[in-house]
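Chain by chain, the residues run as shown.
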Amino acid sequence: MLLVLGIKSMNCLYDSGESRGSPHPLGLDGYQVDMARIYASAKVDLVGGNFGAVDEIKETPSSRSLVTATADDGDTQAPTTTTNFVETSVPTLTISTSVPSPTVPLTAILLSQVPLPPVQSWCIGQIFCSGAVLQTINITQLYSDPKTFVDKPTSKSAQRVLADFATFNLTTVTEGDLVNFVDNDFLGEGLELEAAVSTKFNTIPPFLSNVTDPLFNTFAQIVDGYWTQLARNTNQSTVCDDYTNGECEDYWDSYWIIQGLLKSELYSIVNAPLQNFMDEIDDFGFIPNGGRTYYLDRSQSPLFVNMVYDYVVVTNDTSILQRALPLAEIELAWWASERTIEVTSPYTNWPYMLARYSVNNTAPRPESYITDYLIANDPANGTPLTQQEAEALYGELASGAESGWDFTARFEMFPQFGDPGPRTYNIQNTIPICLNSILYKAHTLLADLYGDSNSTASAAHLQTAANIRAGILDLMWDASKLAFYDFNLTSNARNSFFSAATYYPVWVGIIPDEVLSSQSNAFGYFAAVNLVMNKYNGTVPTTFVDWTGQQWDAPNTWAPHQYIILEALNALPPNLTTNALPTPGFGQSTYALVPSGQLNLTESQLPGQPLRGAHASQNVTATGPGSDINALNGTVVNGGNSSLGEGWATTLGREVANRYFTSALCSWHATGGSIPGLLPRLSNSELNLTDSVNNTGNMYEKFSMLNVDSSGSGGEYTVQAGFGWTNGVLLWVAANYGQLLVAPVCPALVPSAGSASSRAAA
């Protein structure tokens, strides 16, 4: 079987995550996944994993409930005239599992393989870890997504599965032989889930009273109601009696899901994944990337302390700290011992202990096996790598996955120059802004949680945080460009590649003296945000490099970064934000307001913004004032309304919040979403352009800087419809910016120069 990690007792709130199947608008496509699952209040012993026969770890069953919080879920409804559009009945869960779809005749002999990679000591078992079974099944490419196979439970004992596979002669085995093997020895993914009832759900949460626009208010209520439709129990008939593990949500996604759940006042549901993470630290000494054994070699951005802190602040449930504080120490100790190295600054000669993403892995990632295998061995990518080169590459790719930014030109050997591709990944030799900023905040928050109860521990964490802060400012801050850049160990210098990671330090409270010195400099730090609001239709991208096709490069934008930008703006002292938003000079665009060299791209090198309608194959003028196509008097298109005396940071915050909300709503509407009396459903001829005639609206995992009515693109898997952090950030924005949100102008759907499902605004 496929063993999943973690929890002894739960039901769960399911999010599509990287479900990668035929999408349901809420992500309820039935594909068993590891991304962004939230475990709800456990009333009975429930499990969230795939279980058939097992060749992996056994754990003793436990009757302990996940929920130990004393905080109660909110029951009081805020006074409002909002119409209740929320569906709270038990959802109908349709399971649709993948079937083999070979691209060659069933009689075809399997292609030759390179030698098997080394056995990975961290991975448990011989079926879903690097070895003959995993490599052979992936070579056949029976499924369009390589993650499909590793999420299938076995229908027989591991020994029987391995015995069946051993009957094959790999020099003569056919495609049909392997199709029959998978059909006979494995079950469908997702069969362990069944719909559940959410209890204590408030259909009109208090934060809605802050959202004054009727359309946005109702849309926020609908999204809030998705929590009830995403609840899942385990189908006990699929669970082996002596195994009681559950699949865990992707680690860093959970932080932004929790931000939304806290606004929805679903406190026991927030408590549950925190207990889950603590179980994982108990069992493994760290929090894995996700809840599968094939993730036991890597973690993700360490946001556990942040989650605990936010939960305690909102609920005042300090009882969780008795368990959480010692385990937070263990997690941070893991990051210190496994991912932290000493770096001596070439600028000041000071040494710092700083972290990097660096996974000990010498084989293709099990969930992306054929992808990694082909990067190393496909002649189309150049001369196949030697075994030693391939093993080094596999470590880089796993480290890229650990970063959460999988993948981006940011971590290539020579970022931004051409498109050398993932073979040049160099993340293990990169000291990243984002990771070290998050670790800085984890130590400061942990010190705060200790307070006076353990002054020694508190002081130690503050000292560690001070060292990280000094290292970030020394190695990563460029005072002349007013931006942070990753430090490159290969070149022993900071990179010049601009990314959304530049906003992480100010988000966590590391504000350089140059930013504090003047309003002009403070705006300069955020000038690229202003550029996006004026030059592009969508939200702020992760990078401005749009030629790689990777999902963490342009034109893609992600909910967490809109949140981080908003929180970074909020972190500025009030005396730096009172001036009006600067405007470009005569004959200039907002690019002229960006500090020289900050983007390391000329204005003409920035991504093009396509025109609309019949001219969608052409771009807006690349330079000059004509390129600021969204500029209005005091605001931007879909940026809300300006107010008298509004400071520049408030203006940018209002515009980003409105543009994000607009992207979520308009893409939902373009894929079949509608609200009676407020947002009519599009015609079938229009919805046919987005393949959404039978759909009721998608909440996408990522968006585009170029449009507010479409998803992002690229990456290793199909764009997902239904994603926890998208929902969570939207609810957080509604709660914090509700009075500034203004109904958007969603562009009309017309055929574009691209595919039949692409869109351009008329």
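Residues numbered from 1 in each chain as written. Predicted model: local features only at pLDDT ≥ 70, side-chain atom pairs only at ≥ 80, totals over all residues. Heavy atoms only, no water.

Remarks on the overall build of the protein
Stage number 1. Scanning the protein from N- to C-terminus turns up 21 helices and 15 strands.
Stage number 2. Considering only contacts in the protein between residues 6 or more positions apart, those separated by 24 or more positions represent 76%.
Stage number 3. For the protein, the accessible surface area stands at approximately 25,800 Å², while carbon and sulfur atoms represent 52% of it. (Helix = DSSP H or I, 4+ residues; strand = E, 2+ residues; numbered from the N terminus. Contact = heavy atoms within 4.5 Å. Areas by Shrake-Rupley, 256 points an atom, 1.4 Å probe, with all protein chains shown as cover.)

A word on the pattern of salt bridges
Stage number 1. According to the stated counting rule, one finds 16 salt bridges in the structure shown.
Stage number 2. Between Glu189 and Lys152 there is a salt bridge, with its nearest N and O atoms 2.7 Å apart. Of this pair, Glu189 sits in the loop between helix H4 (175–185) and strand S3 (193–195) while Lys152 sits in the loop between helix H2 (147–150) and helix H3 (158–166), placing them 37 residues apart in sequence. We note that Glu189, like Lys152, is buried.
Stage number 3. Residues participating in the shared-partner salt-bridge network are Lys156, Arg160, Asp164 and Asp185. (Salt bridge = Lys/Arg side-chain N within 4 Å of Asp/Glu carboxyl O. Buried < 20%, exposed > 50% of the residue type's maximum accessible area, 1.4 Å probe, protein only.)

Examining the pairing of strand S5 (residues 340–344)
Stage number 1. Of the strand pairs in this sheet, S5 and strand S6 (residues 351–355) are connected by five bridges, and their pairing is antiparallel. Note on S6: the bridge partner recorded for Val343 is Tyr352.
Stage number 2. Between S5 and S6, which follow one another and run antiparallel, lie six residues, and Asn349 among them has a positive phi close to 70°. (Pairing = 2+ DSSP bridges.)

So, the packing of aromatic side chains
Stage number 1. Applying the stated criterion across every chain yields a total of 47 aromatic pairs.
Stage number 2. Aromatic pair Tyr503 and Phe526: ring centres 5.5 Å apart, planes at 10°, arrangement stacked. You can see Tyr503 sitting in the loop between strand S11 (493–494) and helix H14 (504–507) and its partner Phe526 sitting in the loop between helix H16 (519–525) and helix H17 (527–535), a full 23 residues away along the chain. The burial state of Tyr503 is the same as that of Phe526; both residues are buried.
Stage number 3. Sitting over the face of the ring of Tyr485, Lys481 holds its NZ or CZ atom 5.4 Å from the ring centroid.
Stage number 4. Between Arg494 and the ring centre of Tyr347, over which it is positioned, the NZ or CZ distance is 4.3 Å. (Phe/Tyr/Trp six-rings, centres within 6.5 Å; stacked < 30°, edge-to-face > 60°. Lys NZ or Arg CZ within 6 Å of the ring centre and 35° of its normal.)

Quick look at the nonpolar core
Stage number 1. Core analysis: the biggest nonpolar cluster contains 157 residues, and Phe219, Trp256, Phe304, Trp507, Phe526, Phe544 and Val733 have the highest contact counts within it.
Stage number 2. Ranked by residue count, the leading element in this core is helix H12 (residues 433–450), at 11 residues.
Stage number 3. Judged by nonpolar contacts, the second largest core, of 25 residues, contains Val133, Ile137, Phe149 and Tyr369. (Core = buried A, V, L, I, M, F, W, Y, C linked by side-chain atoms within 4.5 Å.)

Concerning the state of the cysteines
Stage number 1. Scanning all chains against the criterion turns up two disulfides.
Stage number 2. Bridging Cys666 to Cys746, the disulfide has an S-S length of 2.0 Å. Here the disulfide of Cys666 and Cys746 is left-handed, its torsion about the S-S bond being about -85°. Taken as a pair, Cys666 in helix H19 (residues 648–670) and Cys746 in the loop between helix H21 (724–737) and strand S14 (749–750) lie far apart in primary sequence, 80 residues in all.
Stage number 3. Classification of Cys746 by relative accessible area gives partly exposed; the value is 26%. (Disulfide = S-S within 2.5 Å.)

Structural notes on the sheet that holds S11
Stage number 1. Read from one edge to the other, the open sheet built from three strands follows the order S7-S10-S11, with strand pairing classed as antiparallel. Strands at the two margins of the open sheet, each flanked by one partner only, are strand S7 (430–431) and S11.
Stage number 2. One ladder, built from two bridges, connects strand S10 (residues 487–488) with S11; its direction is antiparallel. Each bridged residue has a counterpart across the sheet, and for Asn488 the counterpart in S11 is Ala493.

Some points on the packing of helix H8 (residues 304–315) against H12
Stage number 1. Contact geometry of H8 with H12 gives a least axis separation of 9 Å together with a crossing angle of 40°. Here H8 lies oblique to H12, going by the angle between them. Both H8 and H12 take part in a crossing whose hand is left-handed. Note on element contacts: H12 touches H8 through Lys441, Ala442, Leu445, Leu446, Asp448 and Leu449, opposite Val305, Asn306, Val308 and Tyr309.
Stage number 2. Tallied by class, residues from the contact of H8 with H12 come to seven nonpolar, one polar and two charged. (Axes fitted to C-alpha atoms, helices over the stretch in contact; angles between N-to-C directions. Parallel < 35°, antiparallel > 145°, perpendicular 65-115°, else oblique. Left-handed = near helix turned anticlockwise from the far one by under 90°. Nonpolar A, V, L, I, M, F, W, Y, C, P; charged D, E, K, R; others polar.)

Quick word on helix H7 (residues 267–284)
Two residues of an α-helix separated by three or four positions point the same way, owing to the 3.6 residues in each turn.
Stage number 1. The terminal C-alpha atoms of H7, which comprises 18 residues, lie 26 Å apart, in line with the 26 Å expected from a rise of 1.5 Å per residue.
Stage number 2. Within H7, 15 of the 18 residues are buried, which leaves it mostly tucked inside the rest of the structure.
Stage number 3. Looking one or two places after H7, you find Gly285, whose phi comes out positive at around 85°. (Expected span 1.5 Å × (residues − 1).)

Section: the environment of Asn600
Stage number 1. Tracing the chain through its elements places Asn600 in the loop between helix H18 (559–571) and H19.
Stage number 2. Distance from Asn600 to Phe498, taken between C-alpha atoms, is 7.1 Å for residues 102 residues apart in sequence.
Stage number 3. Among the polar contacts made by the side chain of Asn600, one reaches the side chain of Ser496 at a distance of 3.0 Å. (Polar contact = N/O pair within 3.5 Å; in protein donor to acceptor, adjacent residues only side chain to side chain.)

A short note on H12
Stage number 1. When the terminal C-alpha atoms of H12 are compared, their 26 Å separation across 18 residues agrees well with the 26 Å that a helix rising 1.5 Å per residue should span.
Stage number 2. Most of H12 is tucked away, with 16 of its 18 residues classed as buried.
Stage number 3. Following H12 by one or two positions, Gly451 has its phi on the positive side, about 55°.

Structural notes on the side chain of Asp250
Stage number 1. With respect to the element layout, Asp250 can be found in the loop between strand S4 (231–234) and helix H6 (253–263).
Stage number 2. Look at Asp250: it is buried, it has no salt bridge, and the nearest opposite charge is Arg298 at 7.0 Å.
Stage number 3. A distance of 2.7 Å separates a polar atom in the side chain of Asp250 from a polar atom in the side chain of Asn289. (Lys, Arg positive; Asp, Glu negative; His and termini not counted.)

Quick look at the confidence of the model for the protein
Stage number 1. On average, residues of the protein carry a pLDDT of 85, and 81% of them reach 70 or more.
Stage number 2. Under a pLDDT of 50 for its full length, residues 240–248 has, in the predicted model, 58 contacts with residues more than four places off or in other chains. (pLDDT = per-residue confidence, 0-100.)

Details of unusual backbone geometry
Stage number 1. A cis amide bond, omega 10°, links Asp406 with the succeeding residue Phe407.
Stage number 2. Relative to the helices and strands, Phe407 resides in the loop between helix H11 (387–403) and S7.
Stage number 3. The step from Ala554 to Pro555 runs through a cis peptide bond, and the omega angle for that step is 10°.
Stage number 4. With respect to the element layout, Pro555 can be found in the loop between H17 and strand S12 (556–557).
Stage number 5. Unusually for a residue other than glycine, Asn492 sits at a positive phi of about 55°.

Section: the packing of helix H5 (residues 214–229) against H21
Stage number 1. At a minimum axis distance of 10 Å, the contact between H5 and H21 shows a crossing angle of 135°. One finds that H5 runs oblique with respect to H21. Between H5 and H21 the crossing geometry is left-handed. Where H5 approaches H21, its residues Phe219, Ala220, Val223, Asp224, Tyr226 and Trp227 are matched on the opposing element by Asn727, Leu730, Leu731 and Ala734.

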